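Residues per chain, in single letters:
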Amino acid sequence: MQLTFLGTAAANAYPEAFCSCANCEQARALGGPSLRKRSAALVNDDLLIDLGPDVHTAAALHGRPLTNVRYCLQTHAHADHLDPSHLLSRSPAYGVVGAPQLQLYGSPATLGRLAETLARDLIPGSLFDPAAQEQLNVELHPVTPLAPFAVGPYTVLAIPANHDPSVEPLLYIIQADGHCIFYGTDTAALPESAWQTFHAHRLHFNVVVLDHTYGPGHPGDDHLSARDVAAYAARLRAAKLLADGGRVLATHIAHDANPPHPELAAYAAAHGYEIAYDGLCV
Ligand SMILES: [Zn+2]
Ligand SMILES: [Zn+2]
Ligand SMILES: [Zn+2]
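Residues numbered from 1 in each chain as written. Chains lettered and ligands numbered in written order. Predicted model: local features only at pLDDT ≥ 70, side-chain atom pairs only at ≥ 80, totals over all residues. Heavy atoms only, no water.

### Things to note about the overall build of the chain
If you tally the helices and strands in the chain, you get eight helices and 13 strands. Its C-alpha radius of gyration of 18 Å places the chain within 12% of the 19 Å reference for a compact globule of 282 residues. Over its C-alpha atoms, taken along the principal directions, the chain stretches across nearly 55 × 45 × 35 Å. Across the 282 residues of the chain, 54% fall into the buried class. In the chain, of all internal contacts separated by at least 6 residues, the share reaching a separation of at least 24 is 70%. For the chain, the exposed surface amounts to about 11400 Å²; the carbon and sulfur share of it is 55%. Averaged over its 15 positive side-chain charges, the chain has a centre that lies 6 Å from the centre of its 27 negative ones. (Helix = DSSP H or I, 4+ residues; strand = E, 2+ residues; numbered from the N terminus. Rg over C-alpha atoms; globule rule 2.2 N^0.38 Å. Buried < 20%, exposed > 50% of the residue type's maximum accessible area, 1.4 Å probe, protein only. Contact = heavy atoms within 4.5 Å. Areas by Shrake-Rupley, 256 points an atom, 1.4 Å probe, with all protein chains shown as cover. Lys, Arg positive; Asp, Glu negative; His and termini not counted. Charge placed at Lys NZ, Arg CZ, Asp CG, Glu CD.)

### Observations concerning the coordination of the zinc ion (ligand 1)
At this site the zinc ion (ligand 1) is bound by D80 (OD), H81 (NE2), D186 (OD) and H252 (NE2), with donor distances of 2.1 Å. Here the donor residues for the zinc ion (ligand 1) map to a single chain with the spacing D-H-x104-D-x65-H. A distance of 3.6 Å spans the gap from the zinc ion (ligand 1) to the zinc ion (ligand 3), which D186 bridges by coordinating each metal. Of this pair, D80 sits in the loop between β4 (71-73) and α3 (85-89) while D186 sits in the loop between β10 (179-184) and α6 (192-200); the two residues are 106 residues apart in sequence, bridging distant segments of the chain. On the accessibility criterion, D80 (8% relative accessible area) is buried. (Donors = N, O, S within 2.8 Å, 3.2 Å for Na, K, Ca; no water.)

### Some remarks on helix α7 (residues 226-238)
Over its 13 residues, α7 runs 18 Å from end to end, which matches the ideal 18 Å to within 8%, given 1.5 Å per residue. Within α7, burial applies to A226, D228, V229, A230, Y232, A233 and L236. Next to the buried residues of α7 lie α6, β11 (205-211), β12 (242-251) and α8 (261-269). Positioned one or two residues after α7, K240 has a phi angle of 55°, which is positive. (Expected span 1.5 Å × (residues − 1).)

### Things to note about the coordination of the zinc ion (ligand 2)
By definition of the ideal shapes, a tetrahedral metal site with four donors has angles of 109.5 degrees and an octahedral site with six donors has angles of 90 or 180 degrees. Looking at the metal site, the zinc ion (ligand 2) is ligated by C19 (SG), C21 (SG), C24 (SG) and H255 (ND1), spaced 2.1 to 2.3 Å from it. Between the four donor atoms coordinating the zinc ion (ligand 2), the angles at the centre fall across 102 to 117°, so the site counts as tetrahedral. Along the chain, the residues that donate to the zinc ion (ligand 2) are spaced as C-x1-C-x2-C-x230-H. Exposure remark for C19: the relative accessible area of 17% places this residue in the buried category. Since its relative accessible area comes to 0%, C24 is described here as buried. (Tetrahedral: all angles 85-135°; square planar, octahedral: opposite > 155°, others 65-115°.)

### Points about the pairing of strand β1 (residues 3-7)
Where burial is concerned, most of β1 is hidden: five out of the five residues are buried. Two strands pair when backbone bridges link them, and β1 and strand β2 (residues 40-43) are joined in this way by four bridges, in the antiparallel orientation. Paired with T4 across the bridge in β2 is L42. (Pairing = 2+ DSSP bridges.)

### Some words on the layout of surface pockets
If you add up the space inside the largest pocket, you get close to 310 Å³. H56, L66, T67, R90 and A99 are the residues nearest the centre of the largest pocket, which is lined by 17 residues in total. Mapped by element, the contributors of at least two residues to the lining of the largest pocket are α2 (55-61) and α3. If you tally residues by element for the lining of the largest pocket, the top one is α2, at three residues. Residue composition of the lining of the largest pocket, grouped by class: 11 nonpolar, five polar and one charged. (1 Å grid on protein atoms, 1.4 Å probe; cavity = no way out; pocket = protein on both sides within 12 Å on 5 of 7 lines; lining within 4 Å. Points joined across faces, edges and corners; volume = space filled by probe spheres on them. Nonpolar A, V, L, I, M, F, W, Y, C, P; charged D, E, K, R; others polar.)

### Overview of empty space enclosed by the protein
One way to see where empty space is left: roll a probe the size of a water molecule over the atoms. If you walk through the whole model with that rule in mind, you get one cavity of 30 Å³ or more. Lining the largest cavity, in full, are F182, L190, W195, F198, V208, L210, Y232 and L236. If you list the elements that add at least two residues to the lining of the largest cavity, you get α6, β11 and α7. Tallied by class, residues from the lining of the largest cavity come to eight nonpolar, no polar and no charged.

### Quick look at the pattern of salt bridges
According to the stated counting rule, one finds five salt bridges in the structure shown. Notably, a salt bridge pairs D54 with R38, separated by 2.7 Å at the nearest N-O pair. In this pair, D54 sits in the loop between β3 (47-49) and α2 while R38 sits in the loop between α1 (22-30) and β2, placing the two residues 16 residues apart along the sequence. (Salt bridge = Lys/Arg side-chain N within 4 Å of Asp/Glu carboxyl O.)

These values are about where atoms sit, not about what they do.
Structure below.
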């Protein structure tokens, strides 16, 4: 399996376009991996994690067209992870040629929020109506957490995140070809039940991706911070939850105490993990 980071920023992107704090000014000056779009990722060329607001830009900038995407695992319905207009822009009504039917997975609350937004602004009627799904070339799949399910060639297990309960956010474990990925954003401290699930399913992760909204020295609260990610990287190793050569990578990076990429990458290297950047392929 190949995982490409299409975006690695939190909701406000990085640099925050309207912000002149020291971190944003330095990121602007440095460019390259210090420029982050809103979080999303691509597994191989057919499974997208989050229909995020910047995926069109990311696909073009990083040479990762989404033309073969037939599955999407939606973590939750927050606007930095879900732009409902993508469902229109990728539909035959917009002249899109050759796009496979999109199998869209998410919690019932997230799919409900998506349908509400579409019904309010963009389509007549409900996305839960099979005729609307056919028109948009999409099929909805409500996900039950903690029960493995097949998504094409992948086996997926959803873990409830510690994040806005109104959208029932999910973190995803994705397995195929003897490889295992954990995509863990957005969340605050992982509940013990998540760790128990890792052990119960005897998982050995090749790649663990974790929320890193807040940087070194930040206490964290509603999302994970650098301190939390360093502690989790150590715990994953101690509990033998990483496969040989397994990597822990941080994403969903905000300007709050996270310096631009080179300095943040050096901090992470000294604390047992790595910092993802837009376009990184592992
Ligand atoms: Zn987010
Ligand atoms: Zn800033
Ligand atoms: Zn969120």
